[in-house]
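Each chain is listed here by its residues.
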Amino acid sequence: MQKFVYLFLGIIFFSSCTARKMTISNKQARQNNQDIQREHSASIAAHVQMTSLQYIDRYKAIAIEEMNSNGIPASITLAQGLFESGSGNGELARVANNHFGIKCTSDWKGKSYYKDDDNVNDCFRVYDRPEDSFRDHSAFLKRKNYTKLFELDKNDYQGWAYGLKKAGYATNPNYPALLIGIIQKYNLDQYDSPEGETAKIKRVEKVITQIDKNTVKAEKDSVTRVASPDKLYTVKQGDTLYNISKRFGLTVDDLKALNNMADNTIKIGQKLIVVK
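Undergrad: Sorry, what's going on with the side chain of Ser 87 here?
TA: Mapped onto the elements, Ser 87 comes out in the loop between helix 6 (74–85) and helix 7 (91–96). Engagement of the side chain of Ser 87 in a polar contact is seen with the side chain of Ser 52, the distance being 3.0 Å.

Dropping the structure here:
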């Protein structure tokens, strides 16, 4: 009876997206990827290798559009796209239209593509069009840990480069320097534009309101995930976020995101979600 209850709770509380993030066999990953490749066969066949300059020319308009709407410097978006997608020539960009290497999360309801990254068969998001990837990049950044970045001027690419690393976007310690180097090499800051104080206040208020709504939804989702006892760990004396994260193959940022934690404070007896 107890097994049946846990199975029932699992069906109710875990979306198919969450399931995709859990262990998947090589055979299942290969079959899924073949399906995606068939669906996108026309665009894959039509793909022509792009130079970095061609990539910039192709996607500068959507980067500027997202900057004006959300405040992310166009130079940052383009630099990240160039770096993460290999100027649009990488496998994820060609097959999945994923230009930023954004992985599946518990709130992702779209299709997936599996590729070895931090783990074997990591789950990445699939988009119908490249522009959808750019828009989702902006939406992905509207999370609590990135809030302070949106308070920067929308032409402060250096502040954004260092802020992304500090907020946990990348683990590479050289990530800010890599982005800044790409921006300066291709003069990408020419696509950034300043904004007046009144416009900035309105833009920041709009984005922070959206982030707050996303945070409330994430908190509700986290309550749902608690329903499965085998996904929880109870904090014991001597535990730290770091040693708990290493024990379960997570990063500290992963652990904090799963549990909607603003800092590293934990207490004995606290229950933490330890499975993505």
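Undergrad: Help me understand helix 9 (residues 157–166) in this model?
TA: Structurally, the α-helix is built with 3.6 residues per turn, so residues lying three or four positions apart point the same way. For helix 9, the set of buried residues is Tyr 157, Trp 160, Ala 161, Gly 163 and Leu 164. The elements touched by buried residues of helix 9 are helix 6, helix 8 (130–141) and helix 10 (175–185). Positive backbone phi, at 100°, marks Gly 168, one or two positions downstream of helix 9.

Undergrad: Is there a simple way to think about the pattern of salt bridges in this case?
TA: Pairing between side chains of opposite charge can happen when their charged atoms approach one another. Counted by the stated rule, this structure contains 16 salt bridges. A salt bridge links Lys 60 to Asp 57; its shortest N-O distance comes to 3.3 Å. Residue Lys 60 and its partner Asp 57 are both found in helix 5 (residues 52–70); the two are separated by 3 residues, about one turn of the helix. For the salt bridge of Asp 132 with Arg 129, the shortest nitrogen-to-oxygen distance reads 3.8 Å. Taking the relative accessible area as the measure of exposure, Asp 132 reaches 25% and is therefore partly exposed. In this structure Arg 129 comes out as partly exposed when scored by relative accessible area, which is 42%. Salt bridges linked by common partners bring Arg 58, Glu 65, Arg 129, Glu 131, Asp 132 and Arg 135 together as one network.

Undergrad: Quick question: what am I supposed to make of the packing of aromatic side chains here?
TA: Taken as a whole and judged by the stated rule, the model has 8 aromatic pairs. For the ring pair Phe 83 and Tyr 175, a centre distance of 6.0 Å and an interplane angle of 70° mean the geometry is edge-to-face. Note that Phe 83 is positioned in helix 6 and Tyr 175 in helix 10, a separation of 92 residues in sequence. Note on Phe 83: relative accessible area 35%, which makes it partly exposed.

Undergrad: What exactly am I supposed to notice about helix 8 here?
TA: Helix length check: helix 8, at 12 residues, gives a terminal C-alpha distance of 17 Å against a target of 16 Å (1.5 Å per residue), a fit within 8%. Taken across its 12 residues, helix 8 has 9 buried, putting it largely inside the fold. Within helix 8, burial applies to Pro 130, Glu 131, Ser 133, Phe 134, Asp 136, His 137, Ser 138, Phe 140 and Leu 141. Close packing links the buried residues of helix 8 with helix 5, helix 6, strand 2 (122–125) and helix 9.

Undergrad: What is the right way to look at the nonpolar core in this model?
TA: Soluble globular proteins tend to pack their nonpolar side chains together in the buried interior. Membership of the largest hydrophobic core comes to 44 residues, with the highest contact counts inside it found for Ile 76, Leu 141, Tyr 146, Leu 164, Tyr 169 and Leu 188. Mapped onto this core, the elements with two or more residues apiece are helix 5, helix 6, helix 8, helix 9, helix 10 and helix 11 (197–225). Residue contributions to this core peak at 6 residues, all from helix 5. Apart from residues lying up to four places away in sequence, Tyr 169 is in contact with Gln 80, Glu 84, Phe 100, His 137, Phe 140, Leu 141, Tyr 146, Leu 164 and Tyr 175. Membership of the second largest hydrophobic core comes to 12 residues, among which are Leu 241, Met 261, Ile 273 and Val 274.

Undergrad: Explain the environment of Ala 170 to me, please; I cannot follow it from the model alone.
TA: With respect to the element layout, Ala 170 can be found in the loop between helix 9 and helix 10. For Ala 170, a relative accessible area of 15% gives the class buried. Once you skip the residues sitting within four places of it in the chain, Ala 170 turns out to touch Leu 164, Lys 165 and Tyr 175.

Undergrad: Please clarify how the pairing of strand 2 should be interpreted in this entry.
TA: Looking down a regular strand, the side chains alternate between one sheet face and the other. Burial of strand 2 is two-sided: the residues Asp 122 and Phe 124 facing one way and the residues Cys 123 and Arg 125 facing the other way are all buried. Direction of pairing for strand 1 (residues 112–115) relative to strand 2: antiparallel, over a ladder of 4 bridges. Bridge pairing in strand 2 links Tyr 114 to Cys 123. Linking two consecutive strands that pair antiparallel, namely strand 1 and strand 2, is a turn of 6 residues; a positive phi of about 55° is found at Asn 121 within it.

Cut-offs and rules
- The residue count restarts for each chain, going from 1 along the sequence in the order it is written.
- Thresholds applied to this predicted model are a pLDDT of at least 70 for local features of residues and 80 or more for the giving and counting of side-chain atom pairs; totals over whole chains, interfaces and linings are not thresholded and use all residues.
- Note that the side-chain values use all heavy atoms of the structure and ignore hydrogens as well as water.
- Each helix corresponds to a stretch of at least 4 residues labelled H or I by DSSP, and each strand to a stretch of at least 2 residues labelled E; elements are numbered beginning at the N terminus.
- Residues adjacent in sequence count toward polar contacts only when both atoms are side-chain atoms; beyond that, a polar contact is any pair of N or O atoms within 3.5 Å, and within protein one must be able to donate a hydrogen and the other to accept it.
- A 1.4 Å probe rolled over the protein chains alone gives each residue an accessible area, and that area as a share of the maximum for its type sets the label: buried under 20%, exposed over 50%, partly exposed in between.
- By the convention used here, residues are in contact when the closest approach between their heavy atoms is within 4.5 Å.
- Salt bridges are identified by distance alone: a Lys or Arg side-chain nitrogen within 4 Å of an Asp or Glu carboxyl oxygen.
- Centres within 6.5 Å make a pair out of two Phe, Tyr or Trp rings, where for Trp the six-membered ring is used; the pair is then stacked when the planes are under 30 degrees apart, edge-to-face when over 60, and tilted otherwise.
- In this scheme, a helix's expected span is set at 1.5 Å multiplied by one less than its residue total.
- Here the nonpolar core consists of buried residues drawn from Ala, Val, Leu, Ile, Met, Phe, Trp, Tyr and Cys, with membership extended through side-chain atoms lying within 4.5 Å.
- Strands were regarded as paired on the criterion that DSSP finds at least two bridges between them.

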